[in-house]
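Analysis of the macromolecular model
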Amino acid sequence: MAKVGFIGLGNMGGPMAANLVKAGHQVTVFDLSDAALAQAREAGCGVAEQLVDVAENADFVISMLPADHHVEAVYLGEQGLQHKLSKRTLVIDCSTISAETARKLSAELAPHGIRFIDAPVSGGVGGAKAGTLTFICGGDESAVDEARNVLNGMGKNVFRAGDAGAGQVAKICNNMLLSVLMAGTSEALQLGIAHGLDPKVLSEIMLQSSGRNWTLEVYNPCPGVMDGVPSSNDYQGGFLVDLMAKDLGLAQQAALRCGASTPMGSLTLNLYRSWAQLGHGREDFSSIFKYVTPQMKK
Ligand code: NAD
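This structure is a prediction, so every number in the text was calculated from the model and none was measured. (Residues numbered from 1 in each chain as written. Predicted model: local features only at pLDDT ≥ 70, side-chain atom pairs only at ≥ 80, totals over all residues. Heavy atoms only, no water.)

**A closer look at the site of the ligand**
- Taken together, 25 residues are adjacent to the ligand, and Asn 11, Met 12, Asp 31, Leu 65 and Pro 66 come closest.
- Here an oxygen atom of the ligand sits 3.5 Å away from a polar atom, N or O, in the main chain of Gly 10.
- Considered on its own, the ligand offers 840 Å² of accessible surface; in the complex 88% of this is hidden by protein.
- The element best represented in the shell around the ligand is helix α10 (residues 241–258), accounting for three residues.
- Taken together, the residues that form the shell around the ligand break down as 13 nonpolar, eight polar and four charged. (Near = heavy atom within 4 Å. Polar contact = N/O pair within 3.5 Å; in protein donor to acceptor, adjacent residues only side chain to side chain. Areas by Shrake-Rupley, 256 points an atom, 1.4 Å probe, with all protein chains shown as cover. Helix = DSSP H or I, 4+ residues; strand = E, 2+ residues; numbered from the N terminus. Nonpolar A, V, L, I, M, F, W, Y, C, P; charged D, E, K, R; others polar.)

Structure representation (structure tokens):
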């Protein structure tokens, strides 16, 4: 059993912390939301009064926060945990942030004797609840091996992509591809629907054909095709459009830095940004299905 501090109990972090409790770890949590803290308490977590309390005697501190500035503020800010963590603590940041910020955290925590790995996840809220996430790690091999003690309680795969920041690079490559698959699947389903096809039948056909992909398998964007996914729950409770737009921005920044050509990623970034600007930022990213609704021309 490990003593774990957990920061950020949103759609992902809440169920991840609950699974750590189920795996037998002693978990102390912190979030800015009282509702999230109350749910975590019900799941068996200890609740910290303030951020610094999660650091006390922790073997591991795990963070699952929205974006770069949240993570930097938690560890490097004036009240940051860099001044509070003990040298035996391994910091595991599971948020999706830029590789640069992950490397900066690793470099700035090191002089304090604090080890850091980036460990962004794939698998969505369903994977977080079921404890089947994939962790994509960047950092020292020994630190990644040590992290398996707790990551195995929340997921089924732990990969090491390379040194600090490499986990984040692999993660944005994956999410850029996911956005293309989601937009393309939505477009194909809408085209079929506009021509009178039943989306359930069309989904089944494409699942058994060369268009098969993860969105058709477990995350169909068309309401009513699949139970238990955000599209059948008014696009609530999944991976926010705002977060996908953030990840696609990170992917484009990374592409600019190395001169890579990523036309599909650039297209989906603009698609998701404008969908967010139209007021859908807090919906699940599969709501892009509504953006690509074609009208039958008479
Ligand atoms: P979310 O917005 O649901 O949750 C974020 C939580 O962080 C909130 O509860 C918020 O109150 C808390 N928070 C913000 N600032 C804080 C601070 N300073 N101290 C303590 N708590 C703070 O986001 P999410 O969907 O859980 O995503 C978290 C991260 O995981 C993001 O980086 C996202 O890109 C990534 N991710 C999400 C999914 C998904 O399907 N939702 C999948 C893979 C990766």
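**So, the side chain of Asp 284**
- Assignment of secondary structure puts Asp 284 in the loop between α11 (263–280) and α12 (288–291).
- Buried Asp 284, no salt bridge; nearest opposite-charge side chain is Lys 290, N-O distance 10.0 Å.
- A distance of 2.7 Å separates the side chain of Asp 284 from the backbone nitrogen of Phe 239, its partner in a polar contact.
- Side-chain polar atoms of Asp 284 contact the side chain of Ser 286, separated by 2.5 Å.
- Excluding residues within four positions of it along the chain, Asp 284 makes contact with Tyr 219, Pro 230, Tyr 235, Gly 238, Phe 239, Leu 240 and Val 241. (Buried < 20%, exposed > 50% of the residue type's maximum accessible area, 1.4 Å probe, protein only. Lys, Arg positive; Asp, Glu negative; His and termini not counted. Salt bridge = Lys/Arg side-chain N within 4 Å of Asp/Glu carboxyl O. Contact = heavy atoms within 4.5 Å.)

**As for the domain arrangement of the protein chain**
- When its domains are assigned, the protein chain resolves into domain 1 (3–163) and domain 2 (169–297).
- Measuring from the centre of the C-alpha atoms in domain 1 to the corresponding centre in domain 2 gives 28 Å.
- Tallying the contact residues gives 16 residues for domain 1 and eleven residues for domain 2.
- When the two sides are added together, the surface that domain 1 and domain 2 hide from each other amounts to roughly 1,000 Å², 61% of it contributed by carbon and sulfur.
- In this assembly, domain 1 and domain 2 are joined by one salt bridge.
- Put simply, Glu 100 and Arg 257 hold a salt bridge, and the shortest N to O gap is 2.8 Å.
- Secondary structure elements with two or more residues in the side of domain 1 that touches domain 2: α4 (99–109) and β7 (121–122).
- For the side of domain 1 that touches domain 2, the element with the most residues is α4, which contributes three residues. (Domains from an automatic or database assignment. Buried area = accessible area lost by both parts, 1.4 Å probe.)

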